[in-house]
Amino acid sequence: HPHFPPSLMEGSIALRLKPTTQSDEVSAEDLSQSRVRMTLLKCHADNLGVTQMVAPQTAAAANGPPQKRRVKIATEVDVVKIETEAFMEMSASAIPPANDNEANEDGTTSGAGIERTGRYRFGPSEKMISLCRVTEDRYAVGTSSGYVVVLDKNGLPMIQYRPHKACIWDVAFASSYDFATASEDGTSSVFRYDLREQELEAASVASFQSDVFAVCYSSENDASSAVLSGGLSATVCILHSDRKSSSFVPATTSIQALCTIPARGHALIGGGNGVITTVDPDASKVVETSNKHLRKVPAVSACGSTLLTGSFDKTLRVWDYRAGMHCSHNLVMADVLTATALSDTHAAACSGSSLFLWDLRMLNQVLAVKNKAWNGLTRRVTH
């Protein structure tokens, strides 16, 4: 509504009223407790206490030729009680969780320990391409048509942007309203959403002339830190804090994945030929490389000085980065690795269509597994 105070939208969730019937008509009786009905029906009142409501078509017929519609804005507001079931989120696409754990032959369930709490579908032809964590209970996904959708922990959409008209291969958030994207249109962009103006502003755009697959901030939760991005061009672009100057670090292969290493202030890169690389954004140089993976590495993650990499060679490697890159564990999986996530106590990985979880203290034993967690492969997982 044009007169709705913008300040009330800060931190809010937009909802709409579910129609009570199959048609689009709203019953006057259902709105009889509220003066909002005055914007929906033509009203004739002898006084404020008695109101007679006439359907629009009937009123037009009784008064002769149709006249220009006049809208009266009331100066009073009535608060009426509406059951919470009468509301739904704007996109009407949140899907309730289902008990879809599969029973094994021994009677156990393959999803034991991993439970789906929510699911979100943007549209019938839209694909979720990228995923990242925004805050403690918010997540963002990038889609095949260029949308960035912020979801809550229940899978309900809170806000959506369309910074590109092409696929968003990767997205990274530094705050609730500051994020960077890597797109199929050959650009890596840094955006900020202005709450006052309610506009999405591009702070900087780097053009690669080819697909950009990965992007990350050099420091988590710091919107002013450098932004690293790369893709098919086999070059890492480091956009510095001033958002005006940039440096380029050549790589031996395409950039498949990027993440920051919090303990060292470095960035971890997964390459298209299996090489993994660490880069110092401040010095704009390569620190170390390893070619232990035999095929491309689309999955990298870090927590403290522990690194996790997953490859199409069906291996998941855990690295100790306290004194150089030392591979401490090599786990052989049944299918290709497409996504990884790491916390200070647990590691997760997507192998084929299955989701695996480990305790970092017992990496030789799988803590939990969810078979057929999704259809096909997934590109991202986060905690």
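## Observations regarding the confidence of the model for the chain
Move 1: Per-residue pLDDT for the chain has a mean of 80; in total, 73% of the residues score no lower than 70.
Move 2: Note that residues 19-62 has pLDDT below 50 and, in this model, 33 contacts with residues that lie over four places away or in other chains.
Move 3: Low pLDDT (under 50) marks residues 101-110, which in the prediction has 15 contacts with non-local residues, meaning those over four places away or in another chain.

## Thoughts on the sheet that holds strand E26 (residues 326-332)
Move 1: One open sheet accounts for 4 strands, arranged E23-E24-E25-E26; its pairing is antiparallel. Unpaired on one side and paired on the other, strand E23 (299-303) and E26 mark the two borders of the sheet. Across the sheet, the mean angle separating the axes of adjacent strands is 15° when strand polarity is ignored.
Move 2: As judged from the 5 bridges shared by E23 and strand E24 (residues 306-310), these two strands associate in the antiparallel manner. Considered in E24, the bridge of Ala299 is made with Gly310.

## Remarks on the pairing of strand E25 (residues 315-320)
On any regular strand, side chains alternate: one points to one face of the sheet, the next to the other face.
Move 1: The element E25 is extensively covered by neighbouring structure, given that 5 of its 6 residues are classed as buried.
Move 2: Note: E24 against E25, 5 bridges, orientation antiparallel. For Gly310, the partnering residue across the bridge sits in E25 and is Leu316.
Move 3: Between E24 and E25, which pair antiparallel and follow one another directly, the connecting turn spans 4 residues, one of which, Lys314, has a positive phi of 70°.
Move 4: Bridge count between E25 and E26: 6 bridges; the pairing is antiparallel. From the neighbouring strand, Asp320 faces E26, where its bridge partner is His326.
Move 5: Between E25 and E26, which follow one another and run antiparallel, lie 5 residues, and Gly324 among them has a positive phi close to 80°.

## Details of the packing of aromatic side chains
Move 1: As enumerated under the stated definition, the model contains 7 aromatic pairs in all.
Move 2: Members of the aromatic cluster, joined through ring pairs, are Tyr161, Phe173, Tyr177, Phe179, Phe191 and Tyr193.
Move 3: The ring of Tyr321 is capped by Arg264, whose NZ or CZ atom sits 4.6 Å from the centre of that ring.
Move 4: Positioned above the aromatic ring of Phe312, the side-chain terminus of Lys296 is 4.6 Å from the ring centre.

So, how was this worked out
- Residues numbered from 1 in each chain as written.
- Predicted model: local features only at pLDDT ≥ 70, side-chain atom pairs only at ≥ 80, totals over all residues.
- Heavy atoms only, no water.
- pLDDT = per-residue confidence, 0-100.
- Contact = heavy atoms within 4.5 Å.
- Pairing = 2+ DSSP bridges.
- Helix = DSSP H or I, 4+ residues; strand = E, 2+ residues; numbered from the N terminus.
- Axes fitted to C-alpha atoms, helices over the stretch in contact; angles between N-to-C directions.
- Buried < 20%, exposed > 50% of the residue type's maximum accessible area, 1.4 Å probe, protein only.
- Phe/Tyr/Trp six-rings, centres within 6.5 Å; stacked < 30°, edge-to-face > 60°.
- Lys NZ or Arg CZ within 6 Å of the ring centre and 35° of its normal.

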